[in-house]
Amino acid sequence: MIDFEQFDALTFDCYGTLIDWETGLLRALDTLLADVDVAPSGDSLLELFGRFEPAAEHGAFKSYRQVLVDVALRFAEEFDLDISGASAEAFAASVSTWPPFPDTVGALAALSRRYQLCIVSNVDDDLFAGSSAQLGVGFAQVVTAQQVRSYKPEPGHFHEVLRRLDLPQDRVLHVAQSLYHDVAPAKALGFTCVWVNRRAGRPGGGATPPSGAIPDLAVPDLASLVTAMGLD
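Quick summary incoming for the structure in this document. (Residues numbered from 1 in each chain as written. Predicted model: local features only at pLDDT ≥ 70, side-chain atom pairs only at ≥ 80, totals over all residues. Heavy atoms only, no water.)

This part is about the nonpolar core. Core analysis: the largest hydrophobic core is formed by 63 residues, its most contacted members being Phe12, Phe49, Phe75 and Phe91. Top element by residues in this core is helix H3 (residues 64-78). It accounts for eight residues. Those residues in contact with phenylalanine 75 that lie beyond four places of it in its chain are Leu29, Leu32, Leu33, Leu45, Leu48, Phe49 and Phe52. Ranked by size, the runner-up nonpolar core spans 16 residues in total, among them Cys118, Leu167, Leu179 and Ala186. (Core = buried A, V, L, I, M, F, W, Y, C linked by side-chain atoms within 4.5 Å. Buried < 20%, exposed > 50% of the residue type's maximum accessible area, 1.4 Å probe, protein only. Helix = DSSP H or I, 4+ residues; strand = E, 2+ residues; numbered from the N terminus. Contact = heavy atoms within 4.5 Å.)

Take a look at the structure:
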């Protein structure tokens, strides 16, 4: 059992945890791949994204916008499409319009009454600004890939948020959907972790690579976490 009273702050991954990135991503891919004769299944597209994104992030740091342009070009190559630079840029820019999950705004409001809320996200500052406007709360700290110049599962986000909060990791609860990007590195640093298993009951890992990381608690959504904390 987790003693929720021990924490002063909650850190959140954003895309996949707060923002419904699979819905947003598939909508953006529908537009990008509109000329594909036989459209693959949504899960197949998500699995391809789960391969293409880490490959695009490998090597010298580049902005997440550029990572997604690279991903768009990899999709074009996969499906033998000739896409314009403008189409690839539009795919990348779509991140800021992806919708929150239905329970996100209410859950964040409830959690903010007890905890400092923070973001640790593989994104650019300007792209997150569009998402933040949909989330309905202010965040004590926002740590992005642009700021730390690395992508989770590298540990830079976690070191930086602890530095800014001036808290030890045992006073911070990390909440995330991705075992690969978040739970594995956070657990390695000594964080207590809640896995928000947004794909509960669905096969496969969707757009995230597989991981054997074991969280301290698994919930199907944020509303369930609020209930577990006694804040509903």
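There is more to say, and it comes next.
Another point: the pattern of salt bridges. For the structure shown, the criterion picks out 13 salt bridges. The shortest N-O distance in the salt bridge between glutamate 22 and arginine 199 comes to 2.9 Å. Of this pair, glutamate 22 sits in helix H1 (residues 21-32) while arginine 199 sits in the loop between strand E5 (192-196) and strand E6 (217-219), placing them 177 residues apart in sequence. Across the pair, arginine 199 and glutamate 22 agree in class, each one buried. The salt bridge partner of glutamate 160 is arginine 163, with a shortest N-O separation of 2.6 Å. You can see glutamate 160 and its partner arginine 163 sitting in helix H8 (residues 156-165), three residues apart, about one turn around the helix. Taking the relative accessible area as the measure of exposure, glutamate 160 reaches 17% and is therefore buried. (Salt bridge = Lys/Arg side-chain N within 4 Å of Asp/Glu carboxyl O.)

Glancing now at empty space enclosed by the protein. This model, assessed by the stated rule, comprises one cavity of 30 Å³ or more. The computed volume of the largest cavity comes to approximately 130 Å³. What lines the largest cavity is a set of 13 residues, and nearest its centre among them are Asp13, Tyr15, Trp21, Glu53 and Asn122. For the lining of the largest cavity, the class distribution of residues is three nonpolar, six polar and four charged. (1 Å grid on protein atoms, 1.4 Å probe; cavity = no way out; pocket = protein on both sides within 12 Å on 5 of 7 lines; lining within 4 Å. Points joined across faces, edges and corners; volume = space filled by probe spheres on them. Nonpolar A, V, L, I, M, F, W, Y, C, P; charged D, E, K, R; others polar.)

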